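This is what each chain is made of:
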Amino acid sequence: MKKIKPIIQIIIILVVLAILIVSAVFLLKVNKKVYDKDTMTKIFEKNNLTVVDKKIAIKNDDMNTFIEGYSKEENYSVDFFILDTEKAAKKVYNEYISSLEKETGGKQGTVTTNKMGFYKYVLESAGNYVIVIRSKNTVLFINAFESNKKDIDKILKKLKY
């Protein structure tokens, strides 16, 4: 069997390392950011939303945070939850979707996912634009009129969602 020259071995190792580094960078860019209460509050306020801490209003032992941001005209709201576990967040996410589909007579929205634990559900029905997003142990629920779709998309873009 012919021996591989040391220079070729080094080149092969460098190529493998380069592939690993590029893969790691790609995975980090694909991963959606998980926000905390203070950061999300600031983002809501920068987008002219009135922020209310609603944790007291909900009896859920798995929920650490629940804030709502709503527009001054009250034509859309954004609810943000932080739960203890991804399992609890998944349950909240699925409950929202189930409830929405019942309210719309079974109409289903579209789901976008990635391998890094990001799930986005979008439903447009009867003049409403509703989005439910789960990223790790957080859930974002947006309820808006379709006429406010651009405002919502702007907020989501800032969140990188």
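See above for the structure.
From a predicted model like this one, the values you see are computed outputs, not experimental measurements.

A. Quick peek at the pattern of salt bridges. Scanning the model with the defined rule gives two salt bridges in all. Linking Lys 37 and Asp 53 is a salt bridge whose minimum nitrogen-to-oxygen distance equals 2.6 Å. You can see Lys 37 sitting in helix H2 (residues 37-46) and its partner Asp 53 sitting in strand E1 (residues 49-53), a full 16 residues away along the chain. A salt bridge links Glu 124 to Lys 149; its shortest N-O distance comes to 3.2 Å. One end of the pair, Glu 124, is in strand E5 (residues 118-125); the other, Lys 149, is in helix H4 (residues 149-159), with 25 residues separating them in the sequence. Residue classification places Glu 124 among the partly exposed positions, given a relative accessible area of 32%. Classification of Lys 149 by relative accessible area gives partly exposed; the value is 30%.

B. Representation of the packing of aromatic side chains within the structure. Summed over the entire model, instances satisfying the criterion amount to four aromatic pairs. With a centroid separation of 6.0 Å and 45° between ring planes, the pair formed by Phe 81 and Tyr 96 is classed as tilted. On the criterion of sequence distance, the pair formed by Phe 81 in strand E3 (residues 76-83) and Tyr 96 in helix H3 (residues 86-103) is long-range, its members being 15 residues apart. Given the relative accessible area of 3%, Phe 81 is considered buried. Each residue in the set Phe 66, Phe 81, Tyr 96 and Phe 141 is aromatic and connected to the rest through ring pairs, giving one cluster.

Criteria and thresholds
- Residues numbered from 1 in each chain as written.
- Predicted model: local features only at pLDDT ≥ 70, side-chain atom pairs only at ≥ 80, totals over all residues.
- Heavy atoms only, no water.
- Salt bridge = Lys/Arg side-chain N within 4 Å of Asp/Glu carboxyl O.
- Helix = DSSP H or I, 4+ residues; strand = E, 2+ residues; numbered from the N terminus.
- Buried < 20%, exposed > 50% of the residue type's maximum accessible area, 1.4 Å probe, protein only.
- Phe/Tyr/Trp six-rings, centres within 6.5 Å; stacked < 30°, edge-to-face > 60°.

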